Amino acid sequence: ELKVEQNPLFLSMQEGKNYTIYCNYSTTSDRLYWYRQDPGKSLESLFVLLSNGAVKQEGRLMASLDTKARLSTLHITAAVHDLSATYFCAGTTGNQFYFGTGTSLTVIP
Amino acid sequence: EAGVAQSPRYKIIEKRQSVAFWCNPISGHATLYWYQQILGQGPKLLIQFQNNGVVDDSQLPKDRFSAERLKGVDSTLKIQPAKLEDSAVYLCASRRTRSREIGETQYFGPGTRLLVL
């Protein structure tokens, strides 16, 4: 079974600062996904990373994948309050998705 | 395009009672997933359907949980009897294709929040 670990679990950062969330996985994953979940809401897809070296960017978020290190990162640039949410990464084997425990991000004005 | 629909949104029951959740996936999506998300954790897959067939139900507690997807569209998830530890959000997600060659993401419904007293 694919194990997915995220760190940190909780992150409090000031507006305008940069930070990185890390996602490690235990065995080969076909793909790597990032999701966002606002309190009391469902999950929203952010990025799909298909291969080694893949990099995707949307606004202040940038995700990358290193399959050799079994590591994906989600980099936040110049954080703003609207980015406060819980971020999940998920790996896949076959068609089954395995989610990390999530990183709860709070951006402080 | 309409998203994944789920009902009810909230449910409170007593332990040993039964409960059922309903999911309507995005039109044309062949793959449907049910997840259990306990507070503070990531979603855990319970069952995966491809059209109306079960692909993976290895983590479904079959002594009390059951699910079906008649006609390959809507799906229901049932718990009978419920236990206190079943308190969680039950998320339904759908995906257009099962193919590994396409980086298709899942689209999640709003979830059903279950509280077992």
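See the structure printed just above.
These notes cover the structure that comes with them.

Calculation rules
- Residues numbered from 1 in each chain as written.
- Chains lettered and ligands numbered in written order.
- Predicted model: local features only at pLDDT ≥ 70, side-chain atom pairs only at ≥ 80, totals over all residues.
- Heavy atoms only, no water.
- Pairing = 2+ DSSP bridges.
- Helix = DSSP H or I, 4+ residues; strand = E, 2+ residues; numbered from the N terminus.
- Axes fitted to C-alpha atoms, helices over the stretch in contact; angles between N-to-C directions.
- Disulfide = S-S within 2.5 Å.
- Buried < 20%, exposed > 50% of the residue type's maximum accessible area, 1.4 Å probe, protein only.
- Salt bridge = Lys/Arg side-chain N within 4 Å of Asp/Glu carboxyl O.

Residues and elements named next belong to chain B. The strand order across the open sheet built from 4 strands is β1-β3-β8-β7, with neighbouring strands paired in antiparallel fashion. Where the open sheet ends on each side, the last strands, each with one partner, are β1 (5-7) and β7 (65-68). This sheet shows a mean twist of 15 degrees between the axes of neighbouring strands, independent of strand direction.

Residues and elements named next belong to chain A. Here 5 strands make up an open sheet; going across it, the order is β1-β3-β8-β7-β6 and the pairing antiparallel. Both edges of this open sheet fall to β1 (4-7) and β6 (55-58), since each of them pairs with a single strand only. This sheet shows a mean twist of 15 degrees between the axes of neighbouring strands, independent of strand direction. Summarising the sheet, β1 and strand β3 (residues 19-25) pair through 4 bridges and their orientation is antiparallel. Note that in β3 the partner of glutamine 6 across the bridge is cysteine 23.

What the rule picks out here adds up to 2 disulfides over all chains. Covalent S-S linkage joins cysteine 23 of chain A and cysteine 89 of chain A, the inter-sulfur distance amounting to 2.0 Å. With the S-S dihedral at roughly 85 degrees, the linkage between cysteine 23 of chain A and cysteine 89 of chain A falls on the right-handed side. Here the residue cysteine 23 of chain A occupies a position in strand β3, and cysteine 89 of chain A occupies one in strand β9 (residues 85-93), the gap between them amounting to 66 residues. Accessibility expressed as a relative area gives 0% for cysteine 89 of chain A, which makes it buried. Each disulfide pairs two cysteine sulfurs, and for cysteine 23 of chain B the partner residue is cysteine 92 of chain B, the sulfurs being separated by 1.9 Å. On the sign convention where negative means left-handed, the S-S torsion of about -65 degrees between cysteine 23 of chain B and cysteine 92 of chain B marks this disulfide as left-handed. Of this pair, cysteine 23 of chain B sits in strand β3 (residues 19-24) while cysteine 92 of chain B sits in strand β9 (residues 88-95), and the two are 69 residues apart along the sequence.

Residue and element names in this part refer to chain A. Using the criterion set out here, one finds 4 salt bridges over all chains in the structure. A salt bridge links lysine 3 to glutamate 1; its shortest N-O distance comes to 3.7 Å. Note that arginine 36 is salt-bridged to aspartate 38, the shortest N-O span being 2.9 Å.

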